[in-house]
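Read off the chains here:
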Amino acid sequence: MILNNGNIKKSKLLRYIILDDVSQEEYIDKITKYHKTIETQEFKEYLEIEKFIHDSKIDIKITKNQLEIRLEYWKSEIKKLEQSSLIFKNGKIVSWNKIRKSGHISRQNTTIKPYEYGYDEFYEYNGQKYVTILIFTKPGSKVNTGIYYPIITIRYDKMEVKRNA
């Protein structure tokens, strides 16, 4: 199912990040199982930068036939600021949603300016590829108090990772 309505509990990964009702061992087990489902050639470069992009600055650029998410993050191993882009060919934002404290996913009527990249989940549904990205807003921004986390769902054909040193 596409993560744009219902409850976050139907997700494979985001549910364990958002809801704190599992032990550390179960959490690590679920993340390991999820990573095995996306370990394909398409995600090879993504998996190399995945551990760095949480809390990275985010900027979304939409062009005619692609959606680009520019990320700026601190790579602690080499103590250097790096930039990468997740490029989704034929990418389209399917929906802007919010996850309430109860775990219910509902429509976000206004577009939120994302500030930081949170977590993501890649999946397929009816032969289409999707990614749902949990985002964080700028500290101090006025966001409806009923929102626990804003999320974006993107449908795409192919993903590429472009690294900028």
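Check the entry above for the structure.
Just so you know, these numbers come straight off a predicted model, no measurement behind them.

> Which parts of the structure should I look at to understand the overall build of the protein chain?
Along its length, the protein chain carries three helices and 10 strands. The helix and strand sequence of the protein chain, counted from the amino end, reads β-α-α-α-β-β-β-β-β-β-β-β-β. Relative to the globule expectation of 15 Å for 165 residues, the C-alpha radius of gyration of the protein chain, 15 Å, shows essentially globular dimensions. Considered along the principal axes of its C-alpha atoms, the protein chain spans approximately 40 × 35 × 35 Å. For the protein chain, the proportion of its 165 residues judged to be buried stands at 42%. For the protein chain, restricting intrachain contacts to residue pairs at least 6 apart in sequence, the fraction spanning at least 24 positions comes to 57%.

> What is the right way to look at helix H2 (residues 24-38) in this model?
An α-helical turn contains 3.6 residues, so a residue and the one three or four places further along point in the same direction. Between its first and last C-alpha atoms H2 spans 22 Å; for 15 residues at 1.5 Å apiece the expected length is 21 Å, and the two agree. Of the residues making up H2, those classed as buried are Ile31, Tyr34, His35 and Ile38. With its buried residues spanning 100° around the axis, H2 presents them on a single face. In H2, the exposed residues that point more than 90 degrees away from the buried face are Glu25 and Lys36.

> Before we go on, may I ask you to explain helix H3 (residues 44-53) in this structure?
Residues of H3 that are buried: Tyr46, Ile49, Phe52 and Ile53. Taken down its axis, H3 places every buried residue within 110° of arc, on the same side. The first or second residue beyond H3 is Asp55, which carries a positive phi of 70°.

> Can you walk me through the packing of aromatic side chains in this structure?
For any pair of aromatic rings, geometry is given as the distance between the ring centres together with the angle between the planes. One pass over the structure, following the stated rule, counts eight aromatic pairs. Centre to centre, the rings of Phe136 and Tyr149 are 6.0 Å apart; their planes meet at 65°, and the pair counts as edge-to-face. Placement of the pair is Phe136 in strand E8 (residues 128-136) and Tyr149 in strand E9 (residues 149-156), with a sequence separation of 13 residues. The exposure class of Tyr149 is partly exposed, given its relative accessible area of 21%. Pairwise contacts between aromatic rings join Phe43, Tyr46, Phe88, Phe122 and Tyr156 into one cluster.

> Would you mind showing me how to read the pairing of strand E5 (residues 92-99) here?
In regular strands, side chains alternate between the two faces of the sheet. Counting buried residues along E5, six of its eight residues qualify, which places the element largely inside the surrounding structure. Bridge count for E5 against strand E6 (residues 104-107) is three bridges, and the pairing is antiparallel. Residue Ile99 lies in a different strand from E6, and its bridge partner there is Ile105. In this structure, the hairpin formed by E5 and E6 is closed by a connection of four residues, where Gly103 is found at a positive phi of approximately 100°.

> For this particular structure, what's the right way to read the environment of Gln83?
By the secondary structure assignment, Gln83 is in strand E4 (residues 80-89). On the accessibility criterion, Gln83 (38% relative accessible area) is partly exposed. The spatial distance from the C-alpha of Gln83 to the C-alpha of Pro139 is 22 Å, given a sequence separation of 56 residues. Each residue touching Gln83, except ones within four places of it in the same chain, is listed here: Leu71, Glu72, Tyr73, Lys162, Arg163 and Asn164.

> What exactly am I supposed to notice about the pairing of strand E7 (residues 116-125) here?
Most of E7 sits out of view: seven of its 10 residues are buried. Strand direction decides the pairing type here: E7 and E8, joined by nine bridges, are antiparallel. Among the inter-strand pairings, Glu124 is bridged to a residue of E8, identified as Lys129. Count of turn residues in the E7/E8 antiparallel hairpin: two residues, of which Asn126 carries a positive phi of about 50°.

What counts, and at which threshold
- Residues numbered from 1 in each chain as written.
- Predicted model: local features only at pLDDT ≥ 70, side-chain atom pairs only at ≥ 80, totals over all residues.
- Heavy atoms only, no water.
- Helix = DSSP H or I, 4+ residues; strand = E, 2+ residues; numbered from the N terminus.
- Rg over C-alpha atoms; globule rule 2.2 N^0.38 Å.
- Buried < 20%, exposed > 50% of the residue type's maximum accessible area, 1.4 Å probe, protein only.
- Contact = heavy atoms within 4.5 Å.
- Expected span 1.5 Å × (residues − 1).
- Arc of directions from axis to C-beta.
- Phe/Tyr/Trp six-rings, centres within 6.5 Å; stacked < 30°, edge-to-face > 60°.
- Pairing = 2+ DSSP bridges.

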